[in-house]
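Here is how the chains run, residue by residue.
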Amino acid sequence: MMGRKKDEVKSLGKKEAKYIFDYAPEVLEAVQNKHAGRDYFVKFNCPEFTSLCPITNQPDFATIYISYIPDEKLVESKSLKLYLFSFRNHGDFHEDCVNIIMDDLIQLLDPKYIEVWGKFTPRGGISIDPYCNYGRPGTKYEEMANYRLMNHDLYPEKVDNR
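Just so you know, these numbers come straight off a predicted model, no measurement behind them.

1. Description of the sheet that holds strand β5 (residues 113-120)
Now for step 1: Here we have four strands laid out as an open sheet, ordered β2-β3-β5-β6, and antiparallel in their pairing. Each edge of the sheet is formed by a strand with only one pairing partner; in this case those strands are β2 (42-52) and β6 (131-135). Averaged over all pairs of adjacent strands, the angle between their axes in this sheet comes to 15°, without regard to strand direction.
Now for step 2: Pairing of β5 with β6, which is carried by five bridges, proceeds in the antiparallel orientation. Following the sheet pairing, Ile-114 is matched in β6 by Tyr-134.
Now for step 3: Across the face of the sheet, helix α1 (residues 77-85) comes into contact with β2 and β3 (59-69) while running at roughly 20° to β2.
Now for step 4: In this fold helix α3 (residues 140-151) packs onto β3, β5 and β6, with an angle of close to 160° to the strand it touches most, β6.

Reading guide: rules and limits
Residues numbered from 1 in each chain as written. Predicted model: local features only at pLDDT ≥ 70, side-chain atom pairs only at ≥ 80, totals over all residues. Heavy atoms only, no water. Pairing = 2+ DSSP bridges. Helix = DSSP H or I, 4+ residues; strand = E, 2+ residues; numbered from the N terminus. Axes fitted to C-alpha atoms, helices over the stretch in contact; angles between N-to-C directions. Contact = heavy atoms within 4.5 Å.

Honestly, it's all geometry; don't read function into it.
Below you can see the structure in the form of C-alpha cells.
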C-alpha cells in the first residue's frame, strides 16, 4: 500500500474476506488517484462472474470487462472483486447487470470515462454480450463514449474466444 493509508480501505489486507451473496454495492471502496492529472486507462477482467436469470433462477456465467479513465478516485480492486461476487445470487438480465455495475462505479468514482462489457456464455444456444459506456457530459470523454459505442464491435468475434 505504498503511499496510501491503510485505513483508507476496509477489505484489502484482511486475511478472511467476507463474501456477500446478495447484491451489495456498499462493499465498493475507492482510493485516491495519485496521478489524477494524467489520462490513462485502468482495466479489469473478471472471468468468473456469475448471476442468476431473474425468471428461471438458472446461473449465468460471464467475463466482465471494465475499463475506465479515472479522475480523482480509483476503485480498490479487492472491493471490486467482492462487489462482483455479490451478484452470485442476484437475479437480473445480462443487460441489467452490466448497466448496474457501470452505474455503481460512476457513483463511486465519478470517472472521466468508463465502459463495461459482459461476455456471457451461451444458454439455450445464444450468448448475450451487452456493452455500455459513459463519458463525462460536456467533455471530450462524452465524445469518446459516443465514438466507442458506435464502433466497439466492428470486428465480429470467433466462436473460440470465450
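From this point, the narrative continues.
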